[in-house]
Amino acid sequence: MAEKDVKVSAQHVWVDGEDRHVHLGLTNYVQAALGTVISVDLPDVGDSIEEGEPFAEIESVSTVHEFVSPVSGKVLAVNSHLENNPSLINEDPYSEGWLVEVRLKNESELDALMGMDEYYHFVFKDKA
């Protein structure tokens, strides 16, 4: 998936997919801010996640951060590669470093998310 094609939340979580099946991951901006990721705690397959609720805990060499889900739905898959290689989030955040695959409960939640251009302006508006 191309970075430009994803939708992004203000909490730096991207969503990409077709129909009601989407993948969630962390943006390049936030993975760089975290530093080297050393562990991930993700929901289990079959769990439900809710928009606005924490769904992933990411530990880096400098911090532990909970990430809030931008969508609600059922977890269909988790990225098992992150268990042994959590730094995939740093190396390839928009492809190999995805976190979970979800079947959306409400596709209209995607309407509240930003495109990458809007997200770029959101992140860097105070830094110009």
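Please read these numbers as outputs of a predicted model, since none were measured by experiment.

### What to know about the nonpolar core
If you look at the biggest cluster of nonpolar residues, it comprises 25 residues, and the most contacted ones within it are Leu24, Leu26, Phe55, Ile58, Phe67, Leu99 and Val100. When residues of this core are traced back to their parent elements, those giving at least two are β2 (13-18), β3 (21-26), α1 (28-34), β6 (54-60), α3 (88-91) and β9 (100-104). Those residues in contact with Val100 that lie beyond four places of it in its chain are Val22, His23, Leu24, Leu42, Pro43, Phe55, Val75, Ala77 and Val78. Of all hydrophobic cores here, the second largest spans 10 residues; its members include Trp14, Trp98, Met114 and Met116.

### Here we look at the packing of aromatic side chains
Counted by the stated rule, this structure contains four aromatic pairs. Ring geometry for Tyr120 and Phe124: centres 4.7 Å apart, planes at 50°, overall tilted. With Tyr120 and Phe124 both in helix α4 (residues 116-124), this residue pair falls four residues apart, about one helical turn. Note on Phe124: relative accessible area 32%, which makes it partly exposed. An aromatic cluster of three or more residues is present, and its members are Tyr29, Tyr120 and Phe124.

### Quick look at the sheet that holds β6
Pairing is antiparallel in the open sheet, where three strands are placed in the order β4-β6-β7. Two strands close off the open sheet at either side, each with one partner strand: β4 (37-41) and β7 (64-68). Neighbour to neighbour, the strand axes of the sheet diverge by 25° on average, direction disregarded. The pairing of β6 with β7 spans five bridges and is antiparallel. The residue bridging Ala56 from the neighbouring strand is Phe67, located in β7.

The rules behind each value
- Residues numbered from 1 in each chain as written.
- Predicted model: local features only at pLDDT ≥ 70, side-chain atom pairs only at ≥ 80, totals over all residues.
- Heavy atoms only, no water.
- Core = buried A, V, L, I, M, F, W, Y, C linked by side-chain atoms within 4.5 Å.
- Buried < 20%, exposed > 50% of the residue type's maximum accessible area, 1.4 Å probe, protein only.
- Helix = DSSP H or I, 4+ residues; strand = E, 2+ residues; numbered from the N terminus.
- Contact = heavy atoms within 4.5 Å.
- Phe/Tyr/Trp six-rings, centres within 6.5 Å; stacked < 30°, edge-to-face > 60°.
- Pairing = 2+ DSSP bridges.
- Axes fitted to C-alpha atoms, helices over the stretch in contact; angles between N-to-C directions.

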